[in-house]
Amino acid sequence: MDDSRLYIKNMVCPRCIMTVRNILDRCGVAPLNVELGVVSLEAPPADEVRERIRSMLEEYGFELLDDSRMRCVEQIRVGVIEYVRSPELQERMNMSGYLQEKCHREYSFLSKLFTEVRGMTVERFGILQKVELAKELLFYGEMTVSEIADRLHYSSTAHLSAQFKSVTGLSPTQFRNMKNRSLTSIDRI
């Protein structure tokens, strides 16, 4: 295990990176790099500092991952979120290729491990992420359903609508017209 890297569960956005940086700063640790799910340090922190970091991370809903399988699953989870939220990545490669590149493992291994630990396939998790992003885009009302389908690389508006309805029980238009609609935090999916 590389002790100069910290693997952190539930980092999903730039605010998470900023929060983790602040926690490390309060613990007197200067990271070389902080990205979603991984912090690189010059040297491993002392045990008492590591435990203080763990405790402070937990106060903010993060979790320090020590188990290699859980670290890999978290890396897959973060990779799916990055992929779904990045049109540029989607134009360059498919999700399985991106996950192989990010995790430095064969996709068949990653897929099997994720399903075993999370109880759903990587593909299903990707669909849930896409639907949640579609809900977010509908919530703000700045794009049409057709524009959202294009943005999320669906083959058609009908395909987006079918997946959206299978996950939420509503069509995208019904969701947009609801008064009490709500979004799900990415780390809860």
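Summary of the structure given here. Values in this document were obtained by computation on a predicted structure and should not be read as measured data.

Rules and cut-offs
Residues numbered from 1 in each chain as written. Predicted model: local features only at pLDDT ≥ 70, side-chain atom pairs only at ≥ 80, totals over all residues. Heavy atoms only, no water. Helix = DSSP H or I, 4+ residues; strand = E, 2+ residues; numbered from the N terminus. Buried < 20%, exposed > 50% of the residue type's maximum accessible area, 1.4 Å probe, protein only. Contact = heavy atoms within 4.5 Å. Areas by Shrake-Rupley, 256 points an atom, 1.4 Å probe, with all protein chains shown as cover. Lys, Arg positive; Asp, Glu negative; His and termini not counted. Charge placed at Lys NZ, Arg CZ, Asp CG, Glu CD. Expected span 1.5 Å × (residues − 1). Arc of directions from axis to C-beta. Core = buried A, V, L, I, M, F, W, Y, C linked by side-chain atoms within 4.5 Å. Salt bridge = Lys/Arg side-chain N within 4 Å of Asp/Glu carboxyl O. Pairing = 2+ DSSP bridges.

1. With respect to the overall build of the protein
Scanning the protein from N- to C-terminus turns up 10 helices and 4 strands. Shown N-terminal to C-terminal, the secondary structure of the protein runs as helices and strands in the order β-α-β-β-α-β-α-α-α-α-α-α-α-α. Over its C-alpha atoms, taken along the principal directions, the protein stretches across nearly 55 × 35 × 30 Å. The buried share of the protein, taken over its 189 residues, is 43%. In the protein, the share of contacts with a sequence separation of at least 24, taken over all contacts with a separation of at least 6, comes to 61%. Summing over all exposed atoms, the protein offers an accessible surface of approximately 10,200 Å²; the carbon and sulfur share of this is 48%. In the protein, which carries 26 positive and 27 negative side-chain charges, the distance between the mean positions of the two groups comes to 7 Å.

2. Some remarks on helix 2 (residues 47-59)
The end-to-end C-alpha distance of helix 2, which contains 13 residues, comes to 19 Å, matching closely the 18 Å that a straight helix rising 1.5 Å per residue would cover. Turning to helix 2, its buried residues number three or more, namely Arg50, Ile53, Arg54, Met56 and Leu57. Taken together, the buried residues of helix 2 touch strand 1 (5-9), helix 1 (14-26) and strand 4 (63-65). Two residues or fewer after helix 2 comes Gly61, characterised by a positive phi angle close to 85°.

3. Some remarks on unusual backbone geometry
Unlike most non-glycine residues, Asn10 shows phi in positive territory, near 80°. For Asn10, a relative accessible area of 14% translates into the label buried.

4. Focus: helix 1
Here helix 1 contains 13 residues, and its C-alpha end-to-end distance of 19 Å stays within 8% of the 18 Å for a straight helix at 1.5 Å per residue. For helix 1, the full list of buried residues reads Cys16, Val20, Ile23 and Leu24. The buried residues of helix 1 all sit within an arc of 95° when viewed along its axis, so they share a single face. Turned more than 90 degrees from where helix 1 packs its buried face, Pro14, Arg15 and Asp25 sit exposed. Phi turns positive one or two residues past the end of helix 1, at Gly28, with a value near 75°.

5. Description of the nonpolar core
Counting 52 residues, the largest nonpolar core has Val20, Ile76 and Leu99 as its most contacted members. Considering each element in turn, this core owes the most residues, 8 residues, to helix 3 (residues 68-84). Contacts of Val20, omitting those with residues within four sequence positions, involve Ile8, Met11, Val34, Val39, Leu57 and Phe62.

6. Topic: the pattern of salt bridges
With the rule as written, the count across this model stands at 8 salt bridges. Put simply, Glu116 and Arg69 hold a salt bridge, and the shortest N to O gap is 2.7 Å. On the criterion of sequence distance, the pair formed by Glu116 in helix 6 (residues 107-118) and Arg69 in helix 3 is long-range, its members being 47 residues apart. In this structure Glu116 comes out as partly exposed when scored by relative accessible area, which is 48%. Note on Arg69: relative accessible area 38%, which makes it partly exposed. Across the pair Arg85 and Glu136 runs a salt bridge whose closest N-O atoms are separated by 3.0 Å. Taken together, the residues span a long stretch of sequence, with Arg85 in the loop between helix 3 and helix 4 (87-92) and Glu136 in helix 7 (residues 122-140) at a distance of 51 residues. Connected via shared salt-bridge partners are Arg50, Glu51, Arg54 and Asp66.

7. Looking at the pairing of strand 1
The sheet contact formed by strand 1 and strand 3 (residues 38-40) spans 3 bridges and is antiparallel. Counterpart to Arg5 in the pairing with strand 3 is Ser40. Pairing of strand 1 with strand 4 involves 3 bridges; the strand directions are antiparallel. Bridging from a neighbouring strand, Lys9 pairs with Glu63 of strand 4.

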